[in-house]
Amino acid sequence: MRAVTEAVYLPLLFLTVALLGGLRIDDRVTFVPPPLFALVLGMMLFGVLVRGRVLVAEHLMSASRGSLENLNGLVVILATFFAATQVFNLVTPESGLPFLLFNVFLFVLLVNTLAASPDRVSVLRSMAVIVGAAFVLKFVVLGAISDPGETTLKRLMYVLLEGVTLGTLTQPRLHPVAGYLAFATLVLFLIGLAMLPTRSRSVALVKSGE
Amino acid sequence: MLIVMGDRYVRIFGLALAVCYATFIVWLYVRQPQTLAEVTGGLTATVGAYRIDQPAFDDALGLFRREQHEAARAAFERADPAGQDARTQFYIAYSYYRSGWGRVYQDNDFLKKGLVHADKAIALAPAGLVVDDPEISMHNAHELRAEIAQGLQVDASDFNPMRVFRPRK
């Protein structure tokens, strides 16, 4: 892997995800730190990435690398963890029943992915499905339910969720920009995961004296 | 630029950049700035380079002394757009106090806003802020905060008819 990717692009990508993951735009701009359960989910996702060889720790930190290279590797590992945590902070609803349901849903999905021992490509696909599904549920479905106006999707949800009081599902109204920002953040995260090193540098072993 | 730099320099540059960026992100989450002016002002204040707009502050002080509090607050906000100067925040709090004060009725909305700015002034001057101004009665940010907080409390003394004779500070 080129040094510039490991030292510059990957940390900047993941730190940007960590920054934008907690950004909430409303009447005022706020930066929301991750709830404790997002840390748990982040740690589980980190485990999935390591197990699926998306993040190969020895390619980023090992005795064969120099101290500066190991420091760069440590930054990438930490930034990946914080980005993973903030991604869950981003796609999880703020409160109430949806907060609980989303966390259970994500937890089960991650446990399932961990148990399956998938390869790198499968993990990347799985990540796209997990964050994509959570994005659609929060920013499209819940966003439509929480919208004070009468949209087609909201009427459809009334029919589908007949008997359920929508008051238990509604969330604070989302700013029109929030969905686009979240989408961009998730795409950045997936790009970052795909850019993580897959192979270490080849090392030629030469016997001394030959 | 990165292409012509050697690997070692790229790694050092990347490390420094990541540390600075991460520090900036932590700072944003801790300070919660609302505007770009607050971001830039907060960063310059961190390195001790923040300066208020002195002519705007002088204008604001003139308006404050002429009891034109709404205009004074607007001018104070213009003088300290990032909200990083303790003295300006003190005057904004004082202005809200005077707007909210009344002999028979007080406006709690003004007092609450005053309390926010008084707290900000105290936070910006942890060593204590004393404003040497003969035109005002309270010179200390803590004293101002206590006066505003007391105004917001409802107790038996609020129903004392002699209260109408109390002086405005």
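Look up a bit, the structure's there.
Scope of this entry: the structure provided in the associated data block.

Quick notes on the rules
Residues numbered from 1 in each chain as written. Chains lettered and ligands numbered in written order. Predicted model: local features only at pLDDT ≥ 70, side-chain atom pairs only at ≥ 80, totals over all residues. Heavy atoms only, no water. Helix = DSSP H or I, 4+ residues; strand = E, 2+ residues; numbered from the N terminus. Contact = heavy atoms within 4.5 Å. Core = buried A, V, L, I, M, F, W, Y, C linked by side-chain atoms within 4.5 Å. Buried < 20%, exposed > 50% of the residue type's maximum accessible area, 1.4 Å probe, protein only. Salt bridge = Lys/Arg side-chain N within 4 Å of Asp/Glu carboxyl O. Buried area = accessible area lost by both parts, 1.4 Å probe. Nonpolar A, V, L, I, M, F, W, Y, C, P; charged D, E, K, R; others polar. Expected span 1.5 Å × (residues − 1). Axes fitted to C-alpha atoms, helices over the stretch in contact; angles between N-to-C directions. Parallel < 35°, antiparallel > 145°, perpendicular 65-115°, else oblique. Left-handed = near helix turned anticlockwise from the far one by under 90°.

1. Details of the overall build of chain A
Secondary structure summary: chain A contains eight helices and two strands in total. When the helices and strands of chain A are read in sequence order from the N terminus, they spell out α-β-β-α-α-α-α-α-α-α. Within chain A, counting contacts between residues at least 6 apart in sequence, those at least 24 apart form 78% of the total.

2. Some details on the nonpolar core
Of all hydrophobic cores here, the largest spans 54 residues; its most connected members are A:Leu110, A:Met127, A:Phe189 and A:Leu193. Taken together, the elements giving at least two residues each to this core come down to helix 1 (3-21), helix 2 (36-51), helix 4 (67-91), helix 5 (96-116), helix 6 (120-146) and helix 8 (176-195) of chain A together with helix 1 (7-31) of chain B. Here this core gets twelve residues from one element, more than from any other, and that element is helix 4 of chain A. The residues contacting A:Leu110, other than those within four sequence positions of it, are A:Leu41, A:Met44, A:Leu45, A:Val48, A:Phe88, A:Met127 and A:Ile130. Listed in part, the 35 residues of the second largest apolar core include B:Phe76, B:Ile92, B:Ile122 and B:Leu144.

3. Section: the pattern of salt bridges
Counted by the stated rule, this structure contains eleven salt bridges over all chains. A salt bridge links B:Asp133 to B:Arg65; the nearest nitrogen and oxygen atoms lie 2.9 Å apart. Of this pair, B:Asp133 sits in the loop between helix 6 (108-124) and helix 7 (141-152) while B:Arg65 is found in helix 3 (residues 54-65), placing the two residues 68 residues apart along the sequence. A residue is classified by how much of its surface remains accessible, and B:Asp133, at 2% relative accessible area, is buried. B:Arg65 gets classed as partly exposed once you look at its relative accessible area, which sits at 40%. Salt bridges sharing partners connect three or more residues here, namely A:Glu6, A:Arg65, A:Glu69 and B:Arg11.

4. Observations regarding the environment of B:Thr46
When you line up the elements, B:Thr46 lands in helix 2 (residues 36-46). Its relative accessible area of 54% is what places B:Thr46 among the exposed residues.

5. Description of the interface of chain B and chain A
Contacts between the two partners involve 19 residues from chain B, matched on the other side by 28 residues from chain A. Of the roughly 2000 Å² buried at the junction of chain B and chain A (both faces included), carbon and sulfur atoms supply 68%. Of all residues in chain B, the largest losses of buried area upon contact with chain A belong to B:Arg11, B:Tyr21 and B:Tyr29, amounting jointly to 36% of the total for that side. At the boundary of chain B and chain A, one finds two salt bridges. Notably, a salt bridge pairs A:Glu6 with B:Arg11, separated by 2.9 Å at the nearest N-O pair. Classifying every residue of the side of chain B that touches chain A gives 13 nonpolar, three polar and three charged.

6. A closer look at helix 4 of chain A
A rise of 1.5 Å per residue sets the reference length of helix 4 of chain A, with its 25 residues, at 36 Å; its end C-alpha atoms lie 36 Å apart and thus fit the reference within 8%. Judged by how many residues are buried, helix 4 of chain A sits mostly within the fold: 20 of 25 residues are covered.

7. Quick notes on the packing of helix 4 (residues 69-79) of chain B against helix 5 (residues 86-100) of chain B
Residues and elements named next belong to chain B. Interaxial distance between helix 4 and helix 5 falls to 10 Å at its minimum, and their mutual angle equals 165°. Considered as vectors, helix 4 and helix 5 are oriented roughly antiparallel to each other. Relative to helix 5, helix 4 is oriented so that their crossing is left-handed. The segment helix 4 lies against helix 5, with His-69, Arg-73, Phe-76 and Glu-77 engaging Thr-88, Tyr-91, Ile-92, Ser-95, Tyr-96, Arg-98 and Ser-99.

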